[in-house]
Amino acid sequence: MRIAILGTGHLAEALGACWVRAGHRVTVAGRVPERAEALAARLNRAALPGARGDSGAVAAEPAARAATPRDVVRGADAVLLAVPWDAAAEVVEAAGGADGSWAGLPVIDPTNPVGHGVGVVLNPPGVSNAQRIADAAPGSHVVKGFHLVPSTQWGSAGAETTVVLCGDDPAALETTSTLVRDAGAVPAVLGPLARARQLEEAAGLLIALAFAGVDARTVVPALPPVQV
Ligand SMILES: NC(=O)c1ccc[n+]([C@@H]2O[C@H](COP(=O)([O-])OP(=O)(O)OC[C@H]3O[C@@H](n4cnc5c(N)ncnc54)[C@H](OP(=O)(O)O)[C@@H]3O)[C@@H](O)[C@H]2O)c1
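Model, not experiment: these values are computed from the prediction. (Residues numbered from 1 in each chain as written. Predicted model: local features only at pLDDT ≥ 70, side-chain atom pairs only at ≥ 80, totals over all residues. Heavy atoms only, no water.)

Caption draft 1: Fine view of the packing of helix α1 (residues 10-21) against helix α2 (residues 33-46). Interhelical geometry of α1 versus α2 gives an angle of 40° and a closest axis separation of 9 Å. One way to sum up the angle between α1 and α2 is to call them oblique. As for how α1 packs across α2, the hand of that crossing is right-handed. Contacts between α1 and α2 involve A12, E13, G16, A17, V20 and R21 from the former and L39, R42, L43 and A46 from the latter. (Axes fitted to C-alpha atoms, helices over the stretch in contact; angles between N-to-C directions. Helix = DSSP H or I, 4+ residues; strand = E, 2+ residues; numbered from the N terminus. Parallel < 35°, antiparallel > 145°, perpendicular 65-115°, else oblique. Left-handed = near helix turned anticlockwise from the far one by under 90°. Contact = heavy atoms within 4.5 Å.)

Caption draft 2: Fine view of unusual backbone geometry. Phi is positive for F146, which is not a glycine, with a value near 70°. Along the chain, F146 turns up in the loop between β6 (141-144) and β7 (162-167). Given the relative accessible area of 2%, F146 is considered buried. (Buried < 20%, exposed > 50% of the residue type's maximum accessible area, 1.4 Å probe, protein only.)

Caption draft 3: Structural view of the packing of aromatic side chains. Counted according to the given criterion, the structure contains 2 aromatic pairs. Look at W19 and F146: their rings are 5.8 Å apart centre to centre, the planes differ by 85°, and that puts the pair in the edge-to-face class. Taken together, the residues W19 in helix α1 and F146 in the loop between β6 and β7 connect sequence positions 127 residues apart. Pairing F146 with W154 gives two aromatic rings, centres 5.6 Å apart and planes at 55°, and the pair type is tilted. Taken as a pair, F146 and W154 share a single burial class, namely buried. Within the aromatic cluster, the residues linked to one another by ring pairs are W19, F146 and W154. (Phe/Tyr/Trp six-rings, centres within 6.5 Å; stacked < 30°, edge-to-face > 60°.)

Caption draft 4: Looking closely at the nonpolar core. By size, the foremost hydrophobic cluster in this structure holds 37 residues, and its most contacted members are I5, W19 and W154. Going through the elements one at a time, β1 (2-6), α1, β2 (25-29), α2, β4 (78-81), β7 and α5 (170-182) are the ones with two or more residues in this core. The biggest single contributor to this core is α1, with 8 residues. (Core = buried A, V, L, I, M, F, W, Y, C linked by side-chain atoms within 4.5 Å.)

Caption draft 5: Focus on the site of the ligand. Taken together, 22 residues form the shell around the ligand, and within it T8, H10, R35, V83 and S151 come nearest. One nitrogen or oxygen atom from the side chain of R35 is found 2.7 Å from an oxygen atom belonging to the ligand. Here an oxygen atom of the ligand and a backbone polar atom of N112 are 3.2 Å apart. When the free accessible area of the ligand is taken as 880 Å², the share hidden by the protein chains comes to 77%. Across the shell around the ligand, the residue classes tally to 11 nonpolar, 9 polar and 2 charged. (Near = heavy atom within 4 Å. Polar contact = N/O pair within 3.5 Å; in protein donor to acceptor, adjacent residues only side chain to side chain. Areas by Shrake-Rupley, 256 points an atom, 1.4 Å probe, with all protein chains shown as cover. Nonpolar A, V, L, I, M, F, W, Y, C, P; charged D, E, K, R; others polar.)

Caption draft 6: Quick look at the side chain of T175. Relative to the helices and strands, T175 resides in helix α5. By relative accessible area, T175 is classed as buried at 18%. Setting aside anything within four residues of it in sequence, one finds T175 in contact with M1, D77, A78 and P106.

Caption draft 7: Geometry of a nonpolar patch on the surface. A contiguous nonpolar patch, built from V118, V120 and L122 and spanning about 270 Å² of accessible area, is present on the exposed surface. The partly exposed category is assigned to L122, whose relative accessible area is 46%. (Patch = residues over 30% accessible without salt bridge, like charges linked within 9 Å, V, L, I, M, F, W, Y side chains within 5 Å. Salt bridge = Lys/Arg side-chain N within 4 Å of Asp/Glu carboxyl O.)

Caption draft 8: View of the pairing of β6. Here strand β5 (residues 106-109) runs beside β6; their pairing, made up of 4 bridges, is parallel. For V107, the partnering residue across the bridge sits in β6 and is V142. In this fold, β5 hands off to helix α4 (residues 129-136), which returns the chain to β6; that crossover is right-handed. (Pairing = 2+ DSSP bridges. Right-handed = clockwise from strand over helix to strand, strands pointing away.)

Caption draft 9: Structural view of the pattern of salt bridges. Counted under the stated rule, the structure contains 10 salt bridges. One salt bridge in this structure joins E13 and R42, with 2.9 Å as the shortest N-O distance. Highlighted residues: E13 in helix α1 and R42 in helix α2, separated in sequence by 29 residues. Accessibility expressed as a relative area gives 32% for R42, which makes it partly exposed. Between D71 and R74 there is a salt bridge whose closest N-O contact spans 3.2 Å. Residue classification places D71 among the partly exposed positions, given a relative accessible area of 32%. With a relative accessible area of 61%, R74 lands in the exposed category. Within this structure, R2, R25 and E61 form a network of salt bridges that share partners.

As structure tokens, then:
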């Protein structure tokens, strides 16, 4: 796949590295061209044969490159919005999403619209950040996900890491599920994008517990999976 990543920070680098190692092509963009160029260079080093036990095949083109926000989604199969929650709509607009050019594109929203250390959801009641992003990019297919996993876990994630997703478009959910598997984890689709607020509240709870020094695994009971 060709994956566009907006943002050049921790999550962009962690997931970008997983995806280039899985053989995808990643294009990154941010506000400062030099930061995007530097991240693309690091991702190309991460993709080198032997960088992390890959097949050793030599790619015909670089695994990663930098682009401007306007160009980053051109030809992309999916977009990751790895930016602060309150900048997401502005970033979508700067990348042309408001004019309808993102129509049909799967847009992965990993943002956590919660107060740092407190975990209170900062959007008005009933409003999800995922829906705000969908409203900013008419016609795109937003999928909420990747927001509950710390960036430091990517690269060593395995079957014990489940990435909960929600979204309205089956093809976008399938694309995102593939990207979850290619990052080493297991996808679980919760339902439509209307469930995104619940997933964002869940992030607030987990963040609040972490800052209170509580291991969330001791709070959530080990309910056996229910077959329906
Ligand atoms: N890190 C994690 O463990 C983690 C886990 C789950 C979810 N998330 C979510 O993923 C998103 C990114 O997190 P992160 O940890 O990667 O953050 P980060 O390291 O701070 O990176 C965010 C990137 O967004 C861009 N950015 C920052 N402020 C911006 C603004 N006002 N307008 C436009 N772009 C801006 C910056 O790239 P440029 O300067 O190049 O534009 C920056 O590198 C957040 O919404 C976070 O809640 C993070």
